[in-house]
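Okay, here's what each chain looks like letter by letter:
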Protein chains: 2
Amino acid sequence: MRLSDTIEAFIKEMLREDQQEVEIKRNELAEYFHCAPSQINYVLSTRFTPDHGYVTSSQRGGGGYIRIVQVRRSAEDQLAYLLNERIGASIDFTAAQILCRQLAESGAVSPEDAYLMASAVSPAAFSVPVPEAVKNALRAKVLRSMLLAIAQRRDG
Amino acid sequence: MRLSDTIEAFIKEMLREDQQEVEIKRNELAEYFHCAPSQINYVLSTRFTPDHGYVTSSQRGGGGYIRIVQVRRSAEDQLAYLLNERIGASIDFTAAQILCRQLAESGAVSPEDAYLMASAVSPAAFSVPVPEAVKNALRAKVLRSMLLAIAQRRDG
DNA sequence: ATCCTTTCTGTCTTTCTTTGACCTTGGAGA
DNA sequence: TCTCCAAGGTCAAAGAAAGACAGAAAGGAT
C-alpha cells in the first residue's frame with residue numbers, strides 16, 4: 001500500500017472519531033510516518049480538496065497546525081452545487097471522477113451510479129479524435145445531463 | 001507452449017482462487033516470467049478484453065497495479081452481444097434509447113440506470129458543434145463504457 | 001520460400017509518488 | 001521594535017510504476 005494511502009486512511013480515521021474536524025501537526029505526522037513533511041501536503045492536496053469534500057486551513061510559526069474540516073452537504077445541496085457552480089462549461093475526467101466519488105461518499109448517489117457516471121465520461125468513452133477542449137465541454141454536458149436525471153428521480 | 005498462454009493460464013488460475021478479481025504488479029509478473037513488462041500488456045489486450053469477459057483497470061506511479069475483473073458467465077454473453085451487435089461502432093440516440101428501455105424491461109439493469117444511460121447520450125448531453133457521425137460514434141463508446149461498468153459490478 | 005499473423009522486445013511517454021532544498025509566516029523574547 | 005526560531009508552504013527533481021507503439025522474431029499456411 002502506498003504511503004499516501006496510509007496517511008489518507010489515518011486522517012480519515014481521525015475524522016471519523018473526532019466529529020468531522022481534526023487538527024494535525026505537519027511535522028509530527030511526518031515523523032510518525034517517517035516521511036518528508038511535504039508528503040503531508042501532497043496527501044492533502046490530492047485527497048482532501050474541496051472537491052473531495054474537505055476544507056483545510058493552517059497556521060504557521062510556533063504552535064502551528066493544519067486543520068481539516070469535512071464539509072457535510074445534503075444530497076440536494078450537493079447536486080445543486082455541482083449543477084450550478086462546480087460543473088461549468090467544461091470539466092476534465094479527473095475532476096469528474098473526483099466529484100462522482102464524492103457524491104458516492106456523501107451518500108448522494110449509490111456507489112454504483114457514481115461509477116457508472118464516471119465511466120460515461122472516462123477517457124475510454126471519449127476516445128475519438130476531437131480536441132480535448134471539445135471533449136471536456138461534452139463531459140460537462142453529459143455529466144450535467146445525468147445529474148439532472150438523478151435529481152429528477154429524487155424529487156419524483 | 002507460448003509464453004502468452006502460460007501467463008494467461010497463470011492469471012486465470014489466480015482468478016479462480018481469488019474469486020474472479022485479482023490485482024497484479026506488471027513488473028513483478030514480467031520478472032517472474034523473465035519477459036518484457038509490455039508482454040503483460042500484450043496478454044491482457046489479447047486475452048482479457050471485455051469481449052473475453054474481463055474488464056481491467058490500472059494505476060500508474062509508485063505502488064501501481066493492474067486489476068483484472070472477471071465478468072459473470074451469463075452476463076458475459078449478453079455483454080458481448082450488446083457490445084458487438086447492438087451498439088457497434090456507432091449508435092444514434094433513438095436506437096440507444098430503445099436499447100436502454102429493453103435492458104430495463106428485461107431486468108438486465110435497473111430502470112434508474114437505464115434512464116441514466118439514456119440521459120448520458122441524449123441530444124441535450126450532446127449539444128456541441130461536432131458532426132452527427134462523430135456524436136454517434138461517441139454515443140457508442142459512452143454506452144459501451146457504461147455497460148462495462150455495470151458488468152464489472154461484483155456478483156450481480 | 002513467401003506471406004501473413006501472432007508473439008515478443010525495446011524504447012519512449014505519461015502518470016503518480018516521494019524527497020529535498022528553499023521560502024514565508026507568526027510568535028516569543030531580548 | 002527587532003531578531004530568531006519554529007512551524008507550515010512551494011516547487012522542482014528524482015523515483016516508481018504502467019501505457020503506447022513500432023519493429024523484430026517466430027509460426028503457420030500455401
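Note: the structure precedes this text.
The text that follows walks through the structure, step by step, so that each part is easy to find. Since the structure is predicted, the reported quantities are computational estimates derived from the model, not experimental observations.

**So, unusual backbone geometry**
Residues and elements named next belong to chain B. Backbone geometry at glutamine 19 places phi at a positive 60 degrees, although glycine is not the residue there. Note that glutamine 19 resides in the loop between helix 1 (3-17) and strand 1 (21-24). Note on glutamine 19: 10 C-beta atoms within 10 Å, which makes it exposed. Although it is not a glycine, histidine 34 adopts a positive phi angle of roughly 55 degrees. Residue classification places histidine 34 among the exposed positions, given that 8 C-beta atoms sit within 10 Å.

**Describing the protein's contact with DNA strand C**
Neighbouring DNA strand C are 25 residues; Ser38 and Gly61 of chain A together with Ser4, Ser38 and Gly61 of chain B lie closest to it. Of all the secondary-structure elements, those providing two or more residues to the surface near DNA strand C are helix 1 (3-17) and helix 3 (37-47) of chain A together with helix 1 and helix 3 (37-47) of chain B. Grouping the constituent residues of the surface near DNA strand C by class yields eight nonpolar, 13 polar and four charged.

**Considering the protein's contact with DNA strand D**
Every one of the 26 residues lining DNA strand D counts as a neighbour, but Arg26 and Gly64 of chain A together with Arg26, Ser58 and Gly64 of chain B are closest to it. Those elements that place two or more of their residues in the surface near DNA strand D are helix 2 (26-32), helix 3 and strand 3 (65-70) of chain A together with helix 2 (26-32), helix 3 and strand 3 (65-70) of chain B. Its residues assigned to classes, the surface near DNA strand D comprises four nonpolar, 16 polar and six charged.

**Focus: the packing of helix 4 (residues 75-86) of chain A against helix 7 (residues 132-154) of chain A**
Residue and element names in this part refer to chain A. The N-to-C vectors of helix 4 and helix 7 enclose an angle of 150 degrees; their axes lie 10 Å apart at closest approach. It follows that helix 4 is roughly antiparallel to helix 7 by the angle criterion. Crossing handedness for the pair helix 4 and helix 7: left-handed. Here Leu79, Leu82 and Leu83 of helix 4 come into contact with helix 7, specifically with Arg144, Leu147, Leu148, Ile150 and Ala151. Tallied by class, residues from the contact of helix 4 with helix 7 come to seven nonpolar, no polar and one charged.

Each value, and the rule that gives it
Residues numbered from 1 in each chain as written. Chains lettered and ligands numbered in written order. Predicted model: local features only at pLDDT ≥ 70, side-chain atom pairs only at ≥ 80, totals over all residues. Helix = DSSP H or I, 4+ residues; strand = E, 2+ residues; numbered from the N terminus. Buried ≥ 20, exposed ≤ 12 C-beta atoms within 10 Å, placed from the backbone. Near = placed C-beta within 6 Å. Nonpolar A, V, L, I, M, F, W, Y, C, P; charged D, E, K, R; others polar. Axes fitted to C-alpha atoms, helices over the stretch in contact; angles between N-to-C directions. Parallel < 35°, antiparallel > 145°, perpendicular 65-115°, else oblique. Left-handed = near helix turned anticlockwise from the far one by under 90°. Contact = placed C-beta atoms within 7 Å.

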